[in-house]
Amino acid sequence: MTIYDIALFKAPPDDSNENDKYATFLRDKGHNVELIPVIQFNFINQQELHSGLSKDDEYDGIVFTSVRSVQAVHGIQNNQQYLAKKKIYVVGETTEAAVRNKLNLESEGSHCGSAESLA
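The notes below deal with the structure included here.

Criteria and cut-off values
- Residues numbered from 1 in each chain as written.
- Predicted model: local features only at pLDDT ≥ 70, side-chain atom pairs only at ≥ 80, totals over all residues.
- Heavy atoms only, no water.
- Buried < 20%, exposed > 50% of the residue type's maximum accessible area, 1.4 Å probe, protein only.
- Helix = DSSP H or I, 4+ residues; strand = E, 2+ residues; numbered from the N terminus.
- Pairing = 2+ DSSP bridges.
- Axes fitted to C-alpha atoms, helices over the stretch in contact; angles between N-to-C directions.
- Parallel < 35°, antiparallel > 145°, perpendicular 65-115°, else oblique.
- Left-handed = near helix turned anticlockwise from the far one by under 90°.
- Contact = heavy atoms within 4.5 Å.
- Patch = residues over 30% accessible without salt bridge, like charges linked within 9 Å, V, L, I, M, F, W, Y side chains within 5 Å.
- Areas by Shrake-Rupley, 256 points an atom, 1.4 Å probe, with all protein chains shown as cover.
- Salt bridge = Lys/Arg side-chain N within 4 Å of Asp/Glu carboxyl O.
- Polar contact = N/O pair within 3.5 Å; in protein donor to acceptor, adjacent residues only side chain to side chain.

Here's the deal with the pairing of strand S3 (residues 61-64)
Judged by which residues are buried, S3 turns out to be one-sided: Ile-62 and Phe-64 face inward and are buried, whereas Gly-61 and Val-63, on the alternate face, are not. Bridging between S3 and strand S4 (residues 87-90) involves 4 bridges; their strand directions are parallel. Each residue of the ladder has a partner; that of Gly-61, found in S4, is Lys-87.

Printed below as a string of structure tokens:
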């Protein structure tokens, strides 16, 4: 088998402690892989997010559609006081794991592959 030197242009994993699954797959096949990040993500509207979360009497549940949405809420101070009494729904298993690991909450809907299926 030929071994290649591969430049992998993509966003790094959401969790800095996590290995990129594509890089791992290629390395396991014997290739040399360099992961080159191509985007940088910055959260905006954190104040608006905090304001929305604090109006907890106006909603019964929260739907997290991505790991990024979980990360945004994780960055809000006192998020637990707003989330503890809510039903938490997620789209996908990766988002479920992020809710469990970052927010220490249980959720429903991980088996749904899309928001359409969750509804």
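So, the packing of helix H3 (residues 67-74) against helix H5 (residues 93-103)
Orientation of H3 relative to H5, taken along the N-to-C sense of each, is 15°, at an axis distance of 9 Å. The pairing of H3 with H5 is recorded here as roughly parallel in orientation. When the axes of H3 and H5 are compared, the crossing they make is right-handed. Only Thr-94, Thr-95, Ala-98, Val-99, Lys-102 and Leu-103 of H5 make contact with H3, whose side of the interface consists of Val-67, Val-70, Gln-71, Val-73 and His-74.

Considerations on a nonpolar patch on the surface
On the surface, a cluster of nonpolar side chains totalling about 320 Å² of accessible area is made up of Phe-9, Val-38 and Ile-39. Note that Ile-39 resides in the loop between strand S2 (32-36) and helix H2 (46-54).

Concerning the side chain of Thr-95
When you line up the elements, Thr-95 lands in helix H5. A polar contact of 3.1 Å, which involves the side chain of Thr-95, links it to the backbone oxygen of Val-91. Excluding residues within four positions of it along the chain, Thr-95 makes contact with Phe-64, Thr-65, Ser-66, Val-67, Val-70 and Val-90.

Section: the pattern of salt bridges
According to the stated counting rule, one finds 2 salt bridges in the structure shown. The salt bridge partner of Lys-10 is Asp-20, with a shortest N-O separation of 2.6 Å. In this pair, Lys-10 is assigned in the loop between strand S1 (5-9) and helix H1 (21-28) and Asp-20 in the loop between S1 and H1, connecting sequence segments 10 residues apart. The class for Asp-20 is buried, based on a relative accessible area of 7%. Residues Lys-87 and Glu-108 are paired through a salt bridge, measuring 2.5 Å at the closest nitrogen-oxygen approach. On the criterion of sequence distance, the pair formed by Lys-87 in strand S4 and Glu-108 in the loop between H5 and helix H6 (115-118) is long-range, its members being 21 residues apart.

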